[in-house]
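Listed below are the residues making up each chain.
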Amino acid sequence: DTGVSQDPRHKITKRGQNVTFRCDPISEHNRLYWYRQTLGQGPEFLTYFQNEAQLEKSRLLSDRFSAERPKGSFSTLEIQRTEQGDSAMYLCASSLGYRLLNTEAFFGQGTRLTVV
Amino acid sequence: GIQVEQSPPDLILQEGANSTLRCNFSDSVNNLQWFHQNPWGQLINLFYIPSGTKQNGRLSATTVATERYSLLYISSSQTTDSGVYFCAVGKNAGGTSYGKLTFGQGTILTVHP
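Described in the following lines is the structure provided in the data block. As the structure is a prediction and not an experimental result, all values here were calculated from the model. (Residues numbered from 1 in each chain as written. Chains lettered and ligands numbered in written order. Predicted model: local features only at pLDDT ≥ 70, side-chain atom pairs only at ≥ 80, totals over all residues. Heavy atoms only, no water.)

The helix and strand inventory of chain A stands at zero helices and eleven strands. Its C-alpha radius of gyration of 14 Å places chain A within 12% of the 13 Å reference for a compact globule of 116 residues. Oriented by its inertia axes, the alpha-carbon framework of chain A measures out at about 40 × 30 × 30 Å. Counted over contacts in chain A with a minimum sequence separation of 6, partners at least 24 positions apart contribute 54%. By element, 47% of the accessible surface of chain A is carried by carbon and sulfur atoms, the whole surface being about 6000 Å². The averaged location of the 13 negative side-chain charges in chain A is 5 Å from the averaged location of its 15 positive side-chain charges. (Helix = DSSP H or I, 4+ residues; strand = E, 2+ residues; numbered from the N terminus. Rg over C-alpha atoms; globule rule 2.2 N^0.38 Å. Contact = heavy atoms within 4.5 Å. Areas by Shrake-Rupley, 256 points an atom, 1.4 Å probe, with all protein chains shown as cover. Lys, Arg positive; Asp, Glu negative; His and termini not counted. Charge placed at Lys NZ, Arg CZ, Asp CG, Glu CD.)

Note that A:Glu56 resides in strand S6 (residues 53-57). A polar side-chain atom of A:Glu56 sits 2.9 Å from a polar atom in the side chain of B:Lys100. (Polar contact = N/O pair within 3.5 Å; in protein donor to acceptor, adjacent residues only side chain to side chain.)

Turning next to the state of the cysteines. Counted according to the given criterion, the structure contains two disulfides over all chains. Two residues share a disulfide in this structure: A:Cys23 and A:Cys92, whose sulfurs sit 1.9 Å from each other. Since a negative S-S torsion denotes a left-handed disulfide, the A:Cys23-A:Cys92 link at about -70° is left-handed. Highlighted residues: A:Cys23 in strand S3 (residues 19-24) and A:Cys92 in strand S9 (residues 88-95), separated in sequence by 69 residues. Residue A:Cys92 is classed as buried on the basis of its relative accessible area, which comes to 0%. Here B:Cys23 pairs with B:Cys87 through a disulfide, and the sulfurs are 2.0 Å apart. Residues B:Cys23 and B:Cys87 are joined through a disulfide that is left-handed, its torsion about the S-S bond being -60°. With B:Cys23 in strand S3 (residues 19-25) and B:Cys87 in strand S9 (residues 83-90), this residue pair connects regions lying 64 residues apart in the sequence. (Disulfide = S-S within 2.5 Å. Buried < 20%, exposed > 50% of the residue type's maximum accessible area, 1.4 Å probe, protein only.)

Time to look at the pairing of strand S2 (residues 10-14) of chain B. Residue and element names in this part refer to chain B. A one-sided burial pattern is seen for S2, the buried positions being Leu11 and Leu13 and the unburied ones Asp10, Ile12 and Gln14. Across five bridges, S2 lies against strand S11 (residues 107-112) in parallel orientation. Residue pairing across strands places Gln14 opposite His112, the latter belonging to S11. (Pairing = 2+ DSSP bridges.)

Time to look at the interface of chain A and chain B. At the junction of the two partners, chain A supplies 26 residues and chain B supplies 22 residues. Between chain A and chain B, roughly 2000 Å² of surface is buried when both sides are summed, and carbon and sulfur atoms account for 47% of that area. Broken down residue by residue, the surface that chain A buries against chain B is led by A:Asn102, A:Glu104 and A:Phe107, which jointly contribute 25%. Taken together, the connections running from chain A to chain B amount to one salt bridge. Here B:Lys100 makes a salt bridge to A:Glu56, at a shortest N to O gap of 2.9 Å. The interface formed by chain A and chain B holds nine residue pairs in polar contact (both at pLDDT 80 or more) in total. Elements with a minimum of two residues in the side of chain A that touches chain B: strand S4 (31-37), strand S5 (44-50), S6, S9 and strand S10 (106-107) of chain A. Looking at the side of chain A that touches chain B, the element that brings in the most residues is S4(A), giving four residues. Grouping the amino acids of the side of chain A that touches chain B by side-chain chemistry returns twelve nonpolar, eight polar and six charged. (Buried area = accessible area lost by both parts, 1.4 Å probe. Salt bridge = Lys/Arg side-chain N within 4 Å of Asp/Glu carboxyl O. Nonpolar A, V, L, I, M, F, W, Y, C, P; charged D, E, K, R; others polar.)

A separate point is the pattern of salt bridges. Residue and element names in this part refer to chain A. A full pass over the atoms with the stated rule returns six salt bridges over all chains. A salt bridge links Arg64 to Glu83; its shortest N-O distance comes to 3.4 Å. Of this pair, Arg64 sits in the loop between S6 and strand S7 (65-68) while Glu83 sits in the loop between strand S8 (75-79) and S9; the two residues are 19 residues apart in sequence, bridging distant segments of the chain. Ionic contacts of the salt-bridge type, sharing partners, join the residues Arg64, Glu83 and Asp86 into one network.

Below, the discussion takes up the sheet that holds strand S6 (residues 52-56) of chain B. Paired through backbone hydrogen bonds, the strands of a sheet run either parallel or antiparallel to each other. Residues and elements named next belong to chain B. Strand order in the open sheet made by the five strands is S1-S3-S8-S7-S6, with antiparallel pairing throughout. The two strands at the open ends of the sheet, each matched to only one other strand, are strand S1 (4-7) and S6. Across the sheet, the mean angle separating the axes of adjacent strands is 15° when strand polarity is ignored. (Axes fitted to C-alpha atoms, helices over the stretch in contact; angles between N-to-C directions.)

Have a look at this one:
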């Protein structure tokens, strides 16, 4: 397994357009996370899946954002009606865990979104 | 939520020097990771260290969970060590936040030849 994979690596879109990002986690990992990182800041949590169930969403995730993880495998993050403030690096991570047991999280290379 | 503070915010070294990066957190945690973010934005795992001490080559880390801090040591620094170092912590809360990480602001390390 080559680690967490994200696609595309870069996306430039016009304001108002919809964009969708894909994340393929490490195959045996049941937990999947999306984070957003803006310039000069640390990554901030957006949402979390345990298998196919979306268990937590940050207040940062406005109604324009939606995430899915069908069949508990890959995940998609869609942003509708993009705004310039959505410009950021979107990072996906995965880990293996059961209830209180946490293991090390691994991150993908990220998708850098620029809204013009 | 949990607060994570990293210090120093910036660090400039000559090649060969040693350094210590610190991470303070505001609550008990059961997950702590150190990452190095390369110029392309990739977060590289350095240590998974909720407690205790670990070493990997020129890098080592210590987490004192009871005192809510972690230290990352870099010895004999090289120019390739340059980049941003992040500490991230996790705390199970309410039965749903398993594995979620809260990141510090990072330490920007620059190593000159």
